[in-house]
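For reference, the chains in residue letters:
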Amino acid sequence: MANPYPNLTRTAGRYGVVALFVFILLVIAAGCMTASVGSGEQGVKVSLLSGTNLERSFGEGFHIFWPWESMTIYDVTLKNRDEKVEVLSSNGLEIAMDVSVRYRPDLANLPQLHVTFGRDYYEDLIQPEIRSESRAAVGRFTPEELYSTRRDELQQQITSRLSETADSVFIDIDAVLIRDVELPQQIRSAIENKLEEEQRVEQTRLSIQVAEQEANRKRVEAQGQADYQRIITESLSDRFLQFEGIQATRQLAESPNAKVVVVGGGDSGLPLILGDN
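Within each chain, residues carry numbers counting from 1 in the order of the written sequence. Residue-level local features of this predicted model are given only where pLDDT is at least 70; pairs of side-chain atoms are given and counted only at 80 or more, and the full residue set underlies all totals for whole chains, interfaces and linings. By convention in this description, side-chain values take in all heavy atoms of the structure and omit both hydrogens and water.

A. Focus on the overall build of the chain. Helix and strand assignments follow DSSP, with helices taken as H or I runs no shorter than four residues and strands as E runs no shorter than two, numbered in order from the N terminus. Scanning the chain from N- to C-terminus turns up seven helices and 10 strands. Burial here depends on accessible area, computed with a 1.4 Å probe over protein chains only, as a share of the maximum for the residue type. Under 20% is buried, over 50% is exposed, and the range in between is partly exposed. Within the chain, the proportion of its 277 residues that are buried is 25%. A contact between two residues is defined here by any heavy atoms of the two lying within 4.5 Å. Within the chain, contacts between residues separated by at least 24 positions form 62% of all contacts whose residues are at least 6 apart in sequence. Summing over all exposed atoms, the chain offers an accessible surface of approximately 18,400 Å²; the carbon and sulfur share of this is 55%. Accessible surface is estimated by sampling points in the Shrake-Rupley manner with a 1.4 Å probe; for residues, cover comes only from the protein chains shown.

B. Representation of a nonpolar patch on the surface. On the surface, L48, L49, W66 and W68 cluster together into a nonpolar patch covering about 510 Å² of accessible area. Among the structural elements, L48 can be located in the loop between β2 (41-47) and β3 (51-52). Like-charged residues are merged into a patch within 9 Å and nonpolar side chains (Val, Leu, Ile, Met, Phe, Trp, Tyr) within 5 Å, provided each residue has over 30% relative accessible area and no salt bridge. By convention in these notes, a salt bridge is any Lys or Arg side-chain nitrogen within 4 Å of a carboxyl oxygen on Asp or Glu.

C. The packing of aromatic side chains, seen in detail. The rule is short: rings of Phe, Tyr and Trp, with Trp giving its six-membered ring, pair when the centres are within 6.5 Å, and they are stacked under 30 degrees, edge-to-face over 60, tilted in between. For the structure shown, the criterion picks out three aromatic pairs. The structure contains a cluster of three or more aromatic residues connected by ring pairs, namely Y103, Y121 and Y122. Any Lys NZ or Arg CZ found within 6 Å of a ring centre and within 35 degrees of that ring's normal is scored as a charge over the ring. Lying across the ring of Y122, R81 places its NZ or CZ 3.9 Å from the centre. A cation over an aromatic ring shows up here: R119 above the ring of Y74, its NZ or CZ 5.9 Å from the ring centre.

D. Representation of the side chain of Q155 in the model. Position of Q155 among the secondary structure elements: in helix α5 (residues 151-167). Residue Q155 is classed as buried on the basis of its relative accessible area, which comes to 18%. A polar side-chain atom of Q155 sits 2.8 Å from the main-chain amide nitrogen of I178. Those residues in contact with Q155 that sit more than four places away from it in its chain are V176, L177 and I178. Each polar contact in these results corresponds to two N or O atoms within 3.5 Å; when the atoms are within protein, one needs to be able to donate a hydrogen and the other to accept it, and residues that are neighboring in sequence are counted only if both atoms are side-chain atoms.

E. Representation of the side chain of H114 within the structure. Looking at the element boundaries, H114 is found in helix α2 (residues 110-116). A relative accessible area of 17% means that H114 is categorised as buried.

F. Spatial organisation of the pattern of salt bridges. Per the counting criterion, the structure on display carries nine salt bridges. A salt bridge links E83 to R131; its shortest N-O distance comes to 3.2 Å. With E83 in strand β6 (residues 79-88) and R131 in helix α3 (residues 121-138), the pair connects residues that are 48 residues apart, well separated along the chain. Here R131 falls in the partly exposed class, since its relative accessible area comes to 26%.

G. Region of the structure containing the nonpolar core. In terms of nonpolar packing, the biggest core is built from 33 residues, with M97, V101, I126, I130, L154, I171 and I173 touching the most fellow members. Of all the secondary structure elements, the ones that give two or more residues to this core are β6, β7 (94-105), α2, α3, α4 (143-149), α5 and β8 (171-182). The element contributing the most residues to this core is α3, with seven residues. If sequence neighbours within four positions are ignored, I171 has contacts with R104, D106, L113, Y121, L125, I126 and A166. Working definition of a nonpolar core: buried Ala, Val, Leu, Ile, Met, Phe, Trp, Tyr and Cys residues. They are joined through side-chain atoms within 4.5 Å.

H. Just the sheet that holds β6, in detail. Strand pairing is assigned whenever DSSP identifies at least 2 bridges connecting the two strands. Spatially, the three strands line up as an open sheet ordered β6-β7-β8, and their pairing is antiparallel. Because the sheet does not close on itself, it has two edges, and the strands there are β6 and β8. The average undirected angle you get between the axes of adjacent strands in this sheet is 25 degrees. Where β7 meets β8, 10 bridges bridge the pair, whose relative direction is antiparallel. Directly across from V99, in β8, lies its bridge partner I178. Where α5 meets the sheet, its contacts fall on β7 and β8, and the angle it forms with β8 comes to roughly 150 degrees. Each axis is a line fitted through C-alpha atoms, and for a helix only the stretch in contact is used; angles between axes span 0 to 180 degrees, taken between their N-to-C directions.

Right, dumping it as structure tokens:
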């Protein structure tokens, strides 16, 4: 018997295919995984089929991936960790140092860091390297140098050596800071006494230098005055004095003040100047 509604059958068949396709998509979507990457974070995607996605990391936002994939989230902000390190100085004295290190993952190579060390990269790499590089660097200094004059140099050496190691394994070292150097009390007291004595010696040396400079200044000043008096004495001849007297008399005679000038009335023929009328 012929189907009286052939068009309806064909339409129902098409809708059935579409419904089946939509159902399959919903099943797949229901099985998909999601991950939300927050501010200051990066995600590394790992597939059971192809392994870690080494091409890129995933930044802030909402991400969808297949059920056979997973997302590992890393904190990529600049972090600070404090370490207590016990080392030996150049003369074998045991020294304790408080060291701080600022670090973060190399964002451009986060997948490589994930493959090499994983999320525990600080404990597996940075922490042991801090202790190793600190011991190697401190062994070049005496306790006195570490306590007073060369702490910055030690700090720079540790930062430089640790950065070289960390760069090769996809970690950025921002700085290594030595917050404190702890010496045995007896050694610390001896160093402090020596520094105080050096300061007193330096202060005495500066006082002597200032006194010598003042004495030299007074000696030069006295010599200048003596030279000036000698030059003036040698230049004061009778003729010069008469000339100067005539010049002064002329200036007084030309002034508007009333006076009486007696030419040749004084000793050595100099004029006499009488008071005002």
